[in-house]
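Residue-level listing of the chains:
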Amino acid sequence: MNRSALLSALLAFGSVAAAGLPSAPVGTMNQIVVHGDSLVGNLSGDSADRTVFVYLPPSYQAAKSRRYPVLYDLHGYSLTAERWVDILKAREAIDRAIAAGKAREMIVVFPDAMSVHNGSMYSSSVSTGDWETFIAHDLVSYVDGHYRTLAKRDSRGLSGHSMGGYGAFRIGMKRPDVFSVLYPMSSCCLSPRGVTPADPAVEQVKTADEAAKLQMGARTTLAASAAWAPDPQNPPFYLDLPTKAGVPDPSVIARYAANSPHAMLPQYVTSLKKYRAIQMDVGLQDTLLKDNQEMDRLLTEFSIPHSYQTYEGNHVNHIPERFEQDVLPFFSQHLEFGTGK
């Protein structure tokens, strides 16, 4: 047999062999809408009907009597859930982790927290709506009511990146009755937020169209004030800014500070100690490294069991792989899976 014929034979054999191999089972990603009673009437005018993506594991359709733990994963500032799921390549990542034996089968839920100011901050405010209750009650109740979940705290986890990491810490502190495992990634907004150079320019903005043209740093000021310094008597945005005529407003700065997890943590030590497991991480080149180091120090100072990881990377460049290789295995290890696999 000449070389060309041998190569053709080998290729043909490989094709037949590959055709005979069973493909790894895959899950499904469903897009739904969840109504949030806790978001109704928010002064920002954001919809109370929220897009949510729900990953169902490979065995979900066939194993009709099986119930699954649920991971709720929160996206970062300026993203939608659709964009976040795409960045993570979430369905493919979860499928790979399960197929490789790194993750167990679970339901994973990705809610959309985009707002008129580019992000809700997962906080409770008359301006933004009560996002804490939406995540911990409205959304959890809907998922438990429409999918075969293990509807108990020991089988629920909460994770998120950047603004989502902030949300995981914030909601996690307040709702250990709902969630039992936390994994905030590269969390933003951990330390008290002061005045930024962009803040005086935000004072000149009077309409939503003008706000939409602001640079991201300036838009985060509107998002922070809507979440942490709401003012129902101050249209059009119903919030108080950290500066007035360019001069810092101590009352707003104080309200910002009260919503920083560094300041909140000492009030929620007992709650955080109820968790089955807590892990946090941040890249060594991330501008948020220092704040995350301080959060690790505070957790340690108050004897709250947790693990803290750093890695070579910035705020965004390794997030998809860490979601697949670190986040999913962590919840697979620490959530309660019942009698299923």
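The sections below set out a description of the structure shown in this document. (Residues numbered from 1 in each chain as written. Predicted model: local features only at pLDDT ≥ 70, side-chain atom pairs only at ≥ 80, totals over all residues. Heavy atoms only, no water.)

1. Some words on the overall build of the protein chain
Scanning the protein chain for helices and strands turns up 13 helices and 12 strands. Its C-alpha atoms give the protein chain a radius of gyration of 22 Å, near enough to 20 Å, the size a compact globule of 341 residues would have. In terms of its C-alpha atoms, the protein chain occupies a principal-axis envelope of roughly 85 × 45 × 40 Å. One way to put it: in the protein chain the 31 positive side-chain charges average out to a point 6 Å from where the 34 negative ones average out. (Helix = DSSP H or I, 4+ residues; strand = E, 2+ residues; numbered from the N terminus. Rg over C-alpha atoms; globule rule 2.2 N^0.38 Å. Lys, Arg positive; Asp, Glu negative; His and termini not counted. Charge placed at Lys NZ, Arg CZ, Asp CG, Glu CD.)

2. Structural notes on the packing of aromatic side chains
This model, assessed by the stated rule, comprises 9 aromatic pairs. Ring centres of Tyr122 and Trp131 lie 6.4 Å apart, and the angle between their planes is 90 degrees; this geometry places the pair in the edge-to-face category. For the pair Tyr122 and Trp131, one class covers both residues: buried. Relative to Trp228, the ring of Tyr166 lies with its centre 5.6 Å away and its plane at 55 degrees, an arrangement referred to as tilted. You can see Tyr166 sitting in helix 5 (residues 163-174) and its partner Trp228 sitting in helix 8 (residues 216-228), a full 62 residues away along the chain. Looking at Tyr166, the relative accessible area reads 0%, which means it is buried. We classify Trp228 as buried; its relative accessible area is 6%. Pairwise contacts between aromatic rings join Tyr122, Trp131 and Phe134 into one cluster. Lying across the ring of Phe337, Arg104 places its NZ or CZ 4.0 Å from the centre. (Phe/Tyr/Trp six-rings, centres within 6.5 Å; stacked < 30°, edge-to-face > 60°. Buried < 20%, exposed > 50% of the residue type's maximum accessible area, 1.4 Å probe, protein only. Lys NZ or Arg CZ within 6 Å of the ring centre and 35° of its normal.)

3. Things to note about the side chain of Asp281
Along the chain, the position of Asp281 falls in strand 11 (residues 277-283). A polar contact of 2.8 Å, which involves the side chain of Asp281, links it to the side chain of Tyr183. What Asp281 contacts, discounting residues up to four positions off in sequence, is Tyr183, Pro184, Met185, Ser186, Asn292, Gln309, Tyr311 and Arg322. (Polar contact = N/O pair within 3.5 Å; in protein donor to acceptor, adjacent residues only side chain to side chain. Contact = heavy atoms within 4.5 Å.)

4. A few points about the environment of Leu239
Among the structural elements, Leu239 can be located in the loop between helix 8 and strand 9 (243-244). Measuring from C-alpha to C-alpha, the distance between Leu239 and Gly338 comes to 46 Å, with 99 residues separating the pair along the chain. If sequence neighbours within four positions are ignored, Leu239 has contacts with His117, Leu222, Ser225, Ala226, Ala229, Pro230, Asp231 and Asn234.

5. Side note on the pattern of salt bridges
One pass over the structure, following the stated rule, counts 22 salt bridges. One salt bridge connects Glu336 with Lys152, and the closest N-O pair in it is separated by 2.2 Å. Taken together, the positions of Glu336 in the segment after helix 13 (319-334) and Lys152 in the loop between helix 4 (131-146) and strand 7 (156-161) put the pair 184 residues apart, joining distant regions of the chain. The partly exposed category is assigned to Glu336, whose relative accessible area is 26%. (Salt bridge = Lys/Arg side-chain N within 4 Å of Asp/Glu carboxyl O.)

In short, geometric facts, not functional conclusions.
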